[in-house]
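Here's the letter readout for the chains.
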Amino acid sequence: MSDSGKDRADTPQIRILRTVCAGARAMLRVLLPAGCIALLLFAAAFAQGETEQAAGRALADMQVLVLIESGYGQPVPDTVVAGFVESLRSRNMSVNQIFVEYLDLNRNRDPEHASNLLALLRHKFSRRRIDLIVAVSSGALDFLAEQCEDFFPGAPVLTVLVPDSGVDWKGAPRSIIQMYSYRDVEGTLRHAFDLFPKTRRLIVVNGAENRQNISPAQIAVALARLKRNIDVEYTGDLTYEEMLRRVTSPPPDTIILFGTYFSDRTGKSFIPVEVATTLAQRAAAPVFGLYDIFVPRGLIGGSVVDDLEFGKRAGEVAFDYLQGSLAPDRLTTIVEDVFTPVFNWRQIERWGGDVSRLPENSVFLYRPVSLWEQYKTPILSVALVFLLQVTLIAALLAQDRRRRKVEQTLRASEEKFSLAFRNAPYVLTISRAADGKFIEVNDSFTSITGFSREETIGSSARDLGLWVDADERDRSVRDLLAGREVLRRENHFRRKSGEIMIGLFSADLIRLNNEQCVLASVSDITDLKLAEEEREKLREQFHQAQKMESVGRLAGGVA
C-alpha cells in the first residue's frame, strides 16, 4: 500500500472505529460467559422448583394399603395400626390415602377364603394405584407371597410384627422393609427373677406352632445370659383346656411367661388378649407378658413393647419411603427397641413380689396414690406461703411496735387501717411524694399541731409551716426515694400556735391508687426533752451548790 493509502487508512475516524470494535470484543469476552452462567442458574432453579412441585403432587397422590392378618378386635395389631395411621396423618397425609383391610386369616385358614380375599381386593383396588403395602403379622406376609404375585407387583412391602420376613414368593420377589421390635424376653425374665428370686420353674404359654411364639432358643439364650438354671416347659402341644389345667396346679416357685395364642393344637382359634385374661384369672402362679396391652388384663407385666409408639415409628418409616428419602433394597431391616418396664401393682401385691429391685423408671398400673402424691403440689404451696408469712412476721417484729401495727393494719384491710390510722396516739400523715400535699391525717395530728383536718388536706407541710427547718423534710423524702431508712429522726416542728415541739419522725414509701406516697409518723417528745433539760439544770444546780458548800468549808477552815 502506498504512503498516501496508509494515511487515508489511519484517519482519526478509522482509529476511533478500531478502538470501539476492540472494546466491544473485550466486553463480549467478559459478558458472554457470565450471561451463560446466569442463564444456566435460572434454568436449574426453575427445574428444581418444577421438581419440588411434582414431588409434592406425587406425595399427595400416593396411597398405602395395610393388610392385617387377624380380624378386628386384636388389641396388639389394632394399637399398632392406630399409631401407624396417626403418624401418617400428623404428616398431612389424608385418611383417603390410607386403606386398612382385616384379612381374618386366623379364623379362616381354608384356601377358598384366601382366593375370595384376593378377588375382593382386586375388585376394590382395580382403579387405584397402591404405592406401599403394609403387612401386619406373619400371616399377612404369607398371603402376599402365596396369593398376590400380580397384585400391584411393583409396590414394596413394609412388614410389621413379623419376626422373620424370609418367605417363598410365588411370583417375582418384592422389596421388603422389615420393621420389627424384638420382644424383650431377657428383660422380662430379669424383672421376674427380681420380683421372685426363688423361682425354680418357668412355664412358657404359647399356642400352636406360629412364627410369633416364644421359641426355646430365645428362652435358652435369655437364661444363659441371666445365669439361671431352671426347669422350662412349653404348652404349644396342649389343647387350650389342657393348658389351663396345667397352669392351675404348677409346682411351687413357678412363674408363667405368656407369648402368643392364636390357636391350640386342635386348630381352634383364640384371641390372645382373651386368653391372657383367662390365664391371669386361672393361673396359680404369677404371669408375665411381653406386650403392654396385656398388663391391664391381669398379667404382672415385664419389659413390654409399647405398641402405640411402635406403630408411630412404622408410620415414620412409611412416610420416609413415600417421600423418597428411604430406598429399600431386596431386604431392609429396621429394628426399633421400644421397651418399657410396666407392671400391674395389684398383681405384684397378690403374689408377694419384691418391688424394691425393679428399675427406677418402672411404670406401675393401679398403684394406690398416697396422700402426699395426690396433694403434693397444694401441700408444698401452703407450706411455702406459711414460710413466707413467718419470715414476714419475723421481719416486722424487729421494727417499731406502733409502726408495725400500722403496717399490719394496712396489709389487713382498708377498714382496719382507717380505724388504726385515726385512733393512733401519735401523729400519722399520708402525703404525696411528688408535691408533699397531705392526703390524710389522723386525729392526733389535729390535736397536737392545732391544725384542723379541713385546712390540712390539700396543703403541704411547707404551706402550713410545720417544719422549723423545711429542708429537713425534703432531705427525709430524698432519703426515702433513694432507699435509705428514715426512722425515729429527731426534728423540730411548729404548732399552729407557733409553739415549737420536738418529735421523733419516721417515714416509709407506700402506693395508694397507683401513686407513690409517704406514710409518716411523729411521736411528741417535747415533754420528755423538757424533763431532760430540767434534770440537767437541777444536776447543774446541785453541782454548783456542792461547789459553794466546799468553798464555805474552806473559808471557815482558814478563819
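Refer to the preceding data block for the structure.
The following paragraphs examine the structure supplied in this document. (Residues numbered from 1 in each chain as written. Predicted model: local features only at pLDDT ≥ 70, side-chain atom pairs only at ≥ 80, totals over all residues. Heavy atoms only, no water.)

Some points on the pairing of strand β5 (residues 176–180)
Reasoning step 1: Of all five residues that make up β5, five are buried, and the element is covered over most of its length.
Reasoning step 2: The alternating pattern of β5 places Ile176, Gln178 and Tyr180 on one face and Ile177 and Met179 on the opposite face, and all of these are buried.
Reasoning step 3: In the sheet, strand β4 (residues 157–160) pairs with β5 via four bridges, with the strands oriented parallel. Paired with Val157 across the bridge in β5 is Ile176. (Buried < 20%, exposed > 50% of the residue type's maximum accessible area, 1.4 Å probe, protein only. Helix = DSSP H or I, 4+ residues; strand = E, 2+ residues; numbered from the N terminus. Pairing = 2+ DSSP bridges.)

Considerations on the nonpolar core
Reasoning step 1: In this structure, Phe84, Leu158, Leu189 and Phe258 are the most contacted members of the largest nonpolar core, which totals 73 residues.
Reasoning step 2: When residues no more than four places from it in sequence are discounted, the contact partners of Phe258 are Val205, Ile214, Pro272, Val275, Ala276, Leu279, Val287, Phe288, Gly289, Leu290, Phe294 and Leu299.
Reasoning step 3: One finds Phe99, Phe125, Ala135 and Phe151 within the second-largest nonpolar core, a separate group that totals 27 residues. (Core = buried A, V, L, I, M, F, W, Y, C linked by side-chain atoms within 4.5 Å. Contact = heavy atoms within 4.5 Å.)

So, the environment of Phe294
Reasoning step 1: Mapped onto the elements, Phe294 comes out in the loop between β9 (287–288) and β10 (301–305).
Reasoning step 2: Note: C-alpha distance between Phe294 and Glu274 (20 residues apart in sequence) is 9.3 Å.
Reasoning step 3: Excluding anything up to four places from it in sequence, Phe294 contacts Val76, Phe258, Gly259, Pro272, Val273, Ala276 and Leu299.

Re the pairing of strand β15 (residues 438–441)
Reasoning step 1: Of the pairings in the sheet, the one linking strand β14 (residues 427–432) to β15 comprises three bridges and is antiparallel in character. Looking across to β15, one finds that Thr429 is bridged to Val441.
Reasoning step 2: In textbook terms, the turn of a hairpin is the stretch between consecutive antiparallel strands, and for β14 and β15 this stretch comprises five residues, one of which, Gly436, has a positive phi near 80°.

Here we look at the sheet that holds β14
Reasoning step 1: Read from one edge of the open sheet, five strands run β15-β14-β18-β17-β16, paired in antiparallel fashion. Edge positions in the open sheet fall to β15 and β16 (486–494), since each of these has one partner strand only. Adjacent strand axes in the sheet meet at a mean angle of 30° when their direction is disregarded.
Reasoning step 2: Across 10 bridges, the pairing between strand β17 (residues 500–512) and strand β18 (residues 515–524) is antiparallel. Bridge pairing links Arg511 to Gln516 in β18.
Reasoning step 3: Across the face of the sheet, helix α19 (residues 470–481) comes into contact with β14, β16, β17 and β18 while running at roughly 160° to β16. (Axes fitted to C-alpha atoms, helices over the stretch in contact; angles between N-to-C directions.)

Quick look at unusual backbone geometry
Reasoning step 1: Despite not being glycine, Asn92 has its phi angle at roughly 70°, a positive value.
Reasoning step 2: Inspection of the secondary structure assignment puts Asn92 in the loop between α3 (75–89) and β2 (98–102).
Reasoning step 3: On the accessibility criterion, Asn92 (73% relative accessible area) is exposed.
Reasoning step 4: The backbone of Phe152 shows a phi angle near 45°, a positive value even though the residue is not glycine.
Reasoning step 5: As for its position among the elements, Phe152 is in the loop between α5 (138–147) and β4.
Reasoning step 6: Taking the relative accessible area as the measure of exposure, Phe152 reaches 18% and is therefore buried.

Notes on the side chain of Asn491
Reasoning step 1: Here Asn491 shows up in strand β16.
Reasoning step 2: Engagement of the side chain of Asn491 in a polar contact is seen with the side chain of Glu472, the distance being 2.5 Å.
Reasoning step 3: Once residues within four sequence positions are removed from consideration, Asn491 is found in contact with Trp467, Glu472, Met501, Ile502, Gly503 and Phe505. (Polar contact = N/O pair within 3.5 Å; in protein donor to acceptor, adjacent residues only side chain to side chain.)

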